[in-house]
Amino acid sequence: NNQPAPLVLATTATMVRFHKLALGAAFVTALSIIPSSIVGNVAFANAELTEDEKAAEADLASKAAEALIDAAEPYTPPAGSSTFAYEAEVHKMLDIVVNSLYTNKDVFLRELISNASDALDKIRFLSVTKPEMLGDTPDLEMKIEYDPDQRTLTIRDTGVGMTKEDLIANLGTVARSGTTNFVKALGEGAADVSMIGMFGVGFYSTFLVADKVTVASKNNDDDVQHIWESLNGEASFHVGPDPRGNTLGRGTEITLHLKEDADEYLGPRKLKEMVRHYSEFVTHPVYLREIKKIKVPVEKEEEDEDEFDAEDIEGEESKEEKAPEMEEVTTFEYEHINTDPAIWARDKEEITDEEYQEFWKVVSKGDSSGDAEEWVHFNAEGNINFKSILYLPSEVPFALQQGRPDEVRPGLRLYVRKVLISDEFDLMPRYLGFIKGVVDSDDLPLNVNRETLQESKIIKIIKKKLVRKAIDLIRKLSQQEMPEEESEEAELDADGNVIVKEGKPKAVHPYITWYKKFGLSLKMGCLDDSANKDKLQKLLRFKSSKTEGDDDYVSLQEYVDRMPEWQKEIYVFPGESMKQLKESSFMDAFYDRDVEVLFLTDSIDEYYVQQVREFGGKKYRDITKEGVKFSDEDEDLAKRRNKVYTDKFKPLTKYLKKLFGGDVTKVTISKRLGKAPAIVSASEWGNSANMDRIMRAQAFAHGVAPGENMMPTGNLELNPRHPFVIKLLESLPEDEDAEVPSSVKNSAWILFDTATMSGGFPIRDPKKYAARMTRVLKSNLEVDSLTLADEIDPPEEVDEPEEPEFDMPDMADFDMADLEDLDM
């Protein structure tokens, strides 16, 4: 076998491989024969030894290591097995797990119990329609055994089992996306070894505690029981027929040959604690075999009655009864660990918060770190009856952090009469994919396949009720009372005045903390779920022109409640950042009127506003688009004033439209501008500047070359009261056909450039823009020509002589006492 290993002695018949602990033991042995005086002061050991002594010590250490190697037991693969190389990504992941510094190695048992439970669920589901699949092994259970003498820990289940092909594919040769994703997450620091199960590769956590792992498995589709075996650190594994024959009937048996530092898993106390913790909510019985030593009377051989004579009988009567002779025997006793019923079937009044949090860890499968934020436990009654527990996570799942909502694993386990149908059933829409929990119904049929069940009317009714409950759960979180701040005793100064402490952080509502992480999903729900759109909109929170601080948000209902009477629309302003929006020229008129504007800084907000369009009968109005009007002034006066301005500036608007050509859709006079001379806005039914930026950033935009046919054209709005605009109008010649001075043209283009950037649009032609700015600089700096000056011709530098080195005097004989004789 061509197997890479830390140390291999190859012979014709066997492959001898030694674990790194053997070499460590050799080193310890070598240290034990070094004089204690040297070991006691390791830092100076080498410095105190002569070369001959060092050689002698090295020779002794080498001989000690060789003695250990000679005494080591050689490893021989299972008889009749074949050798297979691990797939590259699996080997890489194993290398990371084995060499990990992760300290909580208990996770291996969690993963093995979870895998065994899944195998038991599968055979139970299959047996509903095919009872004969249970065969001679009808009991669906899990047994865990430890053997201190052999240093092994065994987990055995009567689940569906694996064929030879399953063992090869599932435990080494088939590359799975979970393997790659786990290795990547470890490299990026986004995961640790404890999260191995969420990537579907939890079996390999066994190498955290085992030098060798042996898997025996029997599947109904395979007449032969096969064995899989691999050494810790080996680049390959071995699969072949189990030399013991069919000992399982059906199921899988995993035997861990434990490392020297894994003694804690060879006793009942630690194992009982771990098994109880990890199997508490497993629906199948889990048994732990406990080894007990008890004393029993020694069984003596019965003596022939003829050998007793009268004296013996008389003597027996006179003697006192002696205590029976005892001997110690070893017994094996199986204890049922997970005796509690499924948590969702219990009365919720009897379940503590700690128990709910423990169950959360089970259903979340490590997909979301932290505790559950909130949960609801309910019995749905009516035409369809089911029990359910739904959880809100406190932290964002890994896939959502990466912006991939479609890759979030469905988080609801579906049971039918406590038979697990699937833990990846689509019972929630994608925007609620972060919801985790369990659903158990007695009304669903068991004898149908998963695809048919997905389309059944009963499932659709259950989904509808679950979505309603999930939204209600979020609503209740949003309506929680603000947590009370801890009261502190007031401190008084010398005059008895209360000292006001500064810098104390303001209390944040739990919903705001949660919403900052999951708000995007709720906005996605407004787009995807029209039936629940109104309920979801009430859960949204926004920054606005009147909110302060990172944790200050406003709901849509609060915004509507404080609108002035004349305001008929909800004003929104989409953009990249709060700072940019607050300082925009679009806000001038709203600041003047003290009108609140909602700031939309999430990319999804643009799609949300365009599709949802209104809240509570109030339409959304994007203030970066044309058509923004205020009803706080006399309507007749506004019309007459607008007509006068339009007529007065008609020569300018007409000229600018001709000058800018296709760069603008139209040029108009605007009354909504405050201090800005002009701004470019989007048409009412077109894309805003922010939406245009988002679309141009699409990674998979097809059919459009970068930078081509994507530049938008907006409306140029002029402020008729601004001096720049008035001066431009006055600078135009009275004759429309007369040539306009180049200085006026340059000024008009610069005004357009600044208006474009103020509106959030990109400059259409950066080269022409740079040329215009150059002309402005040339004029302002009074530069006659842009011809470059002649190159400087510097004189040659004369090499300076190097400074002589200064030798420090020998201070060995210097006496500090001599300084005392100096007169300082």
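Structure's up top.
These numbers were taken from a predicted model, which means no experiment stands behind them.

Peer 1: Please give an account of the pattern of salt bridges that cites residues and values.
Peer 2: For the structure shown, the criterion picks out 38 salt bridges. Of the charged contacts in the structure, one is a salt bridge between Asp-263 and Arg-151, with a shortest N-O distance of 2.7 Å. Separated by 112 residues along the polypeptide, Asp-263 in the loop between β9 (251–258) and α9 (268–278) and Arg-151 in the loop between β4 (142–147) and β5 (152–157) bring together distant segments of the chain. Residue Asp-263 is classed as partly exposed on the basis of its relative accessible area, which comes to 44%. The closest approach of N and O atoms between Lys-546 and Asp-594, which form a salt bridge, is 3.4 Å. Within this pair, whereas Lys-546 is found in the loop between β17 (541–544) and β18 (554–555), its partner Asp-594 is found in the loop between α19 (588–593) and β20 (598–600), the two being separated by 48 residues in sequence. In this structure Lys-546 comes out as partly exposed when scored by relative accessible area, which is 39%. For Asp-594, a relative accessible area of 54% gives the class exposed. Beyond isolated ion pairs, a larger network of salt bridges with shared partners links Glu-145, Arg-156, Asp-242, Arg-244, Glu-253 and Arg-289.

Peer 1: Before we move on, can you summarise the pairing of strand β19 (residues 570–574) with the specific residues and values?
Peer 2: Counting buried positions over the five residues of β19 gives five, a clear majority of the element. Here three bridges tie β19 to β20, and the two strands are oriented parallel to one another. Within the sheet, the bridge partner assigned to Val-572 lies in β20 and is Leu-598.

Peer 1: Can you tell me about the packing of aromatic side chains, naming the residues and giving the values?
Peer 2: Applying the stated criterion across every chain yields a total of 30 aromatic pairs. Note on Phe-434 and Trp-514: the rings are 5.9 Å apart at their centroids and 70° apart in plane angle, and the pair reads as edge-to-face. You can see Phe-434 sitting in the loop between β15 (419–422) and β16 (436–441) and its partner Trp-514 sitting in helix α15 (residues 510–528), a full 80 residues away along the chain. For the pair shown, Phe-434 and Trp-514 are each scored as buried. Relative to Phe-630, the ring of Phe-590 has its centre 5.1 Å away and its plane inclined at 70°; by these criteria the two rings are edge-to-face. Here Phe-590, found in helix α19, pairs with Phe-630, found in the loop between β22 (618–622) and α21 (635–648); they are 40 residues apart in sequence, far enough to count as distant. On the accessibility criterion, Phe-590 (1% relative accessible area) is buried. The buried category is assigned to Phe-630, whose relative accessible area is 11%.

Peer 1: Explain the packing of helix α22 (residues 650–660) against helix α25 (residues 742–758) to me, using residue names and the numbers behind them.
Peer 2: Their axes nearest at 11 Å, the elements α22 and α25 cross at an angle of 80°. With respect to α25, the element α22 is oriented roughly perpendicular. Note on element contacts: α25 touches α22 through Lys-745, Ala-748, Trp-749 and Phe-752, opposite Tyr-655, Leu-656, Leu-659 and Phe-660. Across the contact of α22 with α25, the residue classes tally to seven nonpolar, no polar and one charged.

Peer 1: Could you give an account of the side chain of Thr-756, naming the residues involved and the relevant values?
Peer 2: Position of Thr-756 among the secondary structure elements: in helix α25. Leaving out residues up to four positions away in the same chain, Thr-756 has contacts with Val-680, Phe-761 and Pro-762.

Peer 1: Can you break down the nonpolar core residue by residue, with the values?
Peer 2: Judged by nonpolar contacts, the single largest core of 74 residues is most densely connected at Leu-466 and Tyr-608. In terms of residue count, helix α14 (residues 457–478) provides more of this core than any other element does, nine residues in total. Once residues within four sequence positions are removed from consideration, Leu-466 is found in contact with Phe-378, Phe-386, Ser-388, Leu-390, Leu-412, Leu-427, Met-428 and Val-439.

Peer 1: Explain the sheet that holds strand β25 (residues 714–718) to me, using residue names and the numbers behind them.
Peer 2: Read from one edge of the open sheet, three strands run β23-β25-β24, paired in mixed fashion. Either end of the sheet is taken by a strand with one partner, and the two such strands are β23 (664–669) and β24 (678–681). Direction aside, neighbouring strands of the sheet carry axes that sit 20° apart on average. Where α22 meets the sheet, it contacts β23 and β25, and its direction lies at approximately 165° from that of β23.

Peer 1: An account of the sheet that holds β20 is requested, with residue identities and associated values reported.
Peer 2: Read across the open sheet, the six strands follow the order β18-β17-β20-β19-β22-β21; overall the sheet is mixed. With one partner strand each, in any of the chains shown, β18 and β21 (614–615) form the two edges of the open sheet. The pairing of β19 with β22 spans three bridges and is classified as parallel. Residue pairing across strands places Tyr-571 opposite Arg-621, the latter belonging to β22. Helix α20 (residues 603–612) rests against β17, β19, β20, β21 and β22 of the sheet, and its axis sits at about 135° to β22.

Criteria and thresholds
- Residues numbered from 1 in each chain as written.
- Predicted model: local features only at pLDDT ≥ 70, side-chain atom pairs only at ≥ 80, totals over all residues.
- Heavy atoms only, no water.
- Salt bridge = Lys/Arg side-chain N within 4 Å of Asp/Glu carboxyl O.
- Helix = DSSP H or I, 4+ residues; strand = E, 2+ residues; numbered from the N terminus.
- Buried < 20%, exposed > 50% of the residue type's maximum accessible area, 1.4 Å probe, protein only.
- Pairing = 2+ DSSP bridges.
- Phe/Tyr/Trp six-rings, centres within 6.5 Å; stacked < 30°, edge-to-face > 60°.
- Axes fitted to C-alpha atoms, helices over the stretch in contact; angles between N-to-C directions.
- Parallel < 35°, antiparallel > 145°, perpendicular 65-115°, else oblique.
- Contact = heavy atoms within 4.5 Å.
- Nonpolar A, V, L, I, M, F, W, Y, C, P; charged D, E, K, R; others polar.
- Core = buried A, V, L, I, M, F, W, Y, C linked by side-chain atoms within 4.5 Å.

Such coordinate-based values are descriptive only and should not be taken to indicate function.
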